[in-house]
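Read off the chains here:
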Amino acid sequence: MSKTSTAYEAANKVMEPGPLSEANPTGTWKDFLTIAKLGIVMSNLITTFAGFFLALKYNELLFSENILTLILCVLGAALVIAGGCCLNNYIDRDIDQLMERTIERPTVTGRINPSQVLWVGIILSAIGTVMLAMTTLTAAVIGLIGLFVYVVVYTMWLKRTHSINTVVGGISGAVPPLIGWAALDANLHWVAWILFLIMFLWQPPHFLALAMKRCEDYRNAGIPMLPVVSGFALTKRQMIWYVAALLPVSLYLFEFGVIYLILAAVLGTGWLILALSGLKTKDDIKWARMMFVYSLNYMTIMFVAMILVNI
Ligand code: HEM
Ligand SMILES: CC(C)=CCC/C(C)=C/CC/C(C)=C/COP(=O)(O)OP(=O)(O)O
């Protein structure tokens, strides 16, 4: 039997919930922050804020006159994303108990009652959507599209069935800058769409690196991530294409000025060199670890720089 069919069959088997303990849930705030994936929410907020800040500049609006919109936008986006992460944890609790990386999650250990996680997810998403709607309706609709793609399309369907899962799921991770822009200006400028594209292209090298690092974990849980289904060689080649595509797209924001251009060129070329070194590496896991760390630094530095050069 091929590796591919084994993974797909296993993915179908794990649909049944396992022996999760629901006894004595003693969930603390820390448990809820874990479930809401605080680190991921915070980094998504960098891209949301970048979208908001650039919309201020392109629409010649004053920061001081839009502080309430900023608060509604950032808090609204944070709540929708955190709500999505709670729903993701609720739905994934059967497969999370099969992976070393996720086995300690409060939804698996039973420290939090699953129905509580479900309700917190729904309530946070609803409050966040209302807050976004108080900026513009477009911002709220984009938030809902992101939530739908993340929770329904990615988590409930593709994550368990197709190796294209994370590429499609990447649409949700790319909408936060659009939310930030739309909070001020519902007619999304092309710059907003470039931010979307940068985040969309950034994600495959980010999560495929992680999927390589955690390949055995995903295999055991029957999740058909690309390295599980198609192996490391093909995964590495795909990652190179995404990193290569990211470079010209990031340079397309040339009107941000020469400092931005130099930074984008240096960071993008550095990442491409690292990605290409994967073709020759003898230690795939070490390379994947470096790609993952590079992805986080690249995203943070690029989006902070986009804000700073436009002050
Ligand atoms: C489909 C898209 C994505 C997938 C599948 C994905 C997957 C993951 C996973 C599984 C981890 C956990 C790593 C570990 O525990 O070792 C992680 C970490 C991380 N991801 Fe992503 N990610 C995606 C999109 C994003 C986006 C859009 C951002 C930010 C804008 C982001 C930022 C981070 C950060 C900051 C971490 C490390 C901190 C943490 O685990 O809390 N990711 N990613
Ligand atoms: C507007 C909106 C809701 C946007 C969503 C933005 C968002 C949460 C992007 C990150 C996507 C992500 C963390 C995928 C990992 O899920 P996973 O289930 O593969 O990770 P896990 O195995 O660690 O749970």
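Residues numbered from 1 in each chain as written. Chains lettered and ligands numbered in written order. Predicted model: local features only at pLDDT ≥ 70, side-chain atom pairs only at ≥ 80, totals over all residues. Heavy atoms only, no water.

Q: Please provide a residue-by-residue account of the overall build of the protein, values included.
A: A tally of helices and strands in the protein yields 15 helices and zero strands. Against the compact-globule benchmark of 19 Å for 311 residues, the protein has a radius of gyration of 20 Å, which places it among compact chains. The principal-axis extents of the C-alpha atoms in the protein amount to approximately 55 × 50 × 25 Å. For the protein, buried positions account for 53% of its 311 residues. Here the analysis covers contacts within the protein between residues at least 6 apart in sequence; of these, 77% occur between residues at least 24 apart. Element-wise, carbon and sulfur atoms account for 69% of the exposed surface of the protein, whose accessible area totals about 14,100 Å². Within the protein, one finds 20 positive and 17 negative side-chain charges whose respective centroids are separated by 9 Å. (Helix = DSSP H or I, 4+ residues; strand = E, 2+ residues; numbered from the N terminus. Rg over C-alpha atoms; globule rule 2.2 N^0.38 Å. Buried < 20%, exposed > 50% of the residue type's maximum accessible area, 1.4 Å probe, protein only. Contact = heavy atoms within 4.5 Å. Areas by Shrake-Rupley, 256 points an atom, 1.4 Å probe, with all protein chains shown as cover. Lys, Arg positive; Asp, Glu negative; His and termini not counted. Charge placed at Lys NZ, Arg CZ, Asp CG, Glu CD.)

Q: Can you lay out the domain arrangement of the protein for me, pointing to particular residues and giving the numbers?
A: Here the domain parsing of the protein yields domain 1 (27-188) and domain 2 (190-310). Measuring from the centre of the C-alpha atoms in domain 1 to the corresponding centre in domain 2 gives 21 Å. The partner domain 2 presents 31 residues to the 33 residues of domain 1 that form the contact. Scanning the region where domain 1 abuts domain 2 turns up zero salt bridges. Summed over the shared surface of domain 1 and domain 2, the number is six residue pairs in polar contact (both at pLDDT 80 or more). Among the elements that make up the side of domain 1 that touches domain 2, the one with the highest residue count is helix α3 (residues 38-58) (10 residues). Considering only residue class, the side of domain 1 that touches domain 2 consists of 18 nonpolar, 10 polar and five charged. (Domains from an automatic or database assignment. Salt bridge = Lys/Arg side-chain N within 4 Å of Asp/Glu carboxyl O. Polar contact = N/O pair within 3.5 Å; in protein donor to acceptor, adjacent residues only side chain to side chain. Nonpolar A, V, L, I, M, F, W, Y, C, P; charged D, E, K, R; others polar.)

Q: Could you give an account of the site of ligand 2, naming the residues involved and the relevant values?
A: Around ligand 2, the surrounding shell holds 18 residues, and the nearest of these are Asn 88, Arg 101, Arg 105, Tyr 154 and Lys 159. In the model, an oxygen atom of ligand 2 is placed 2.8 Å from a nitrogen or oxygen of the Asn 88 side chain. The side chain of Asp 92 places a nitrogen or oxygen atom 3.4 Å from an oxygen atom of ligand 2. Comparing atom positions with the cavity grids shows ligand 2 to sit within the largest pocket. Mapped onto the shell around ligand 2, the elements with two or more residues apiece are α3, α4 (67-91), α8 (137-161) and α9 (165-174). Counting residues per element, the shell around ligand 2 draws most heavily on α8, at six residues. Across the shell around ligand 2, the residue classes break down as seven nonpolar, six polar and five charged. (Near = heavy atom within 4 Å. 1 Å grid on protein atoms, 1.4 Å probe; cavity = no way out; pocket = protein on both sides within 12 Å on 5 of 7 lines; lining within 4 Å. Sits in = over half its atoms within 2 Å of the grid points.)

Q: Go over the coordination of the iron atom of ligand 1 with me, naming the residues and quoting the values.
A: Looking at the iron atom of ligand 1, one finds just one donor atom contributed by the protein, His 206 (NE2), at 2.2 Å. Checked against the element boundaries, His 206 lands in helix α11 (residues 190-213). (Donors = N, O, S within 2.8 Å, 3.2 Å for Na, K, Ca; no water.)

Q: How would you summarise the UniProt feature "transmembrane region" (unreviewed entry) in the protein if you had to cite specific residues and measurements?
A: The residues that UniProt annotates with the feature "transmembrane region" (unreviewed entry) are residues 35-55, 67-91, 112-133, 139-157, 164-184, 190-211, 256-279 and 291-309. Across residues 139-157, helical content stands at 100% and strand content at 0%; the span's end C-alpha atoms are separated by 25 Å. For residues 256-279, helix accounts for 83% and strand for 0%, while the C-alpha atoms at its two ends are 33 Å apart. (UniProt positions renumbered as here; feature names shortened; annotations may be inferred.)

Q: Account for unusual backbone geometry, naming residues and giving values.
A: For Lys 37, which is not a glycine, the phi torsion comes out positive at approximately 50°. Relative to the assigned elements, Lys 37 resides in the loop between α2 (29-35) and α3. Located in the positive-phi region is Glu 60, a residue other than glycine, with phi close to 50°. Relative to the helices and strands, Glu 60 resides in the loop between α3 and α4. Classification of Glu 60 by relative accessible area gives exposed; the value is 75%.

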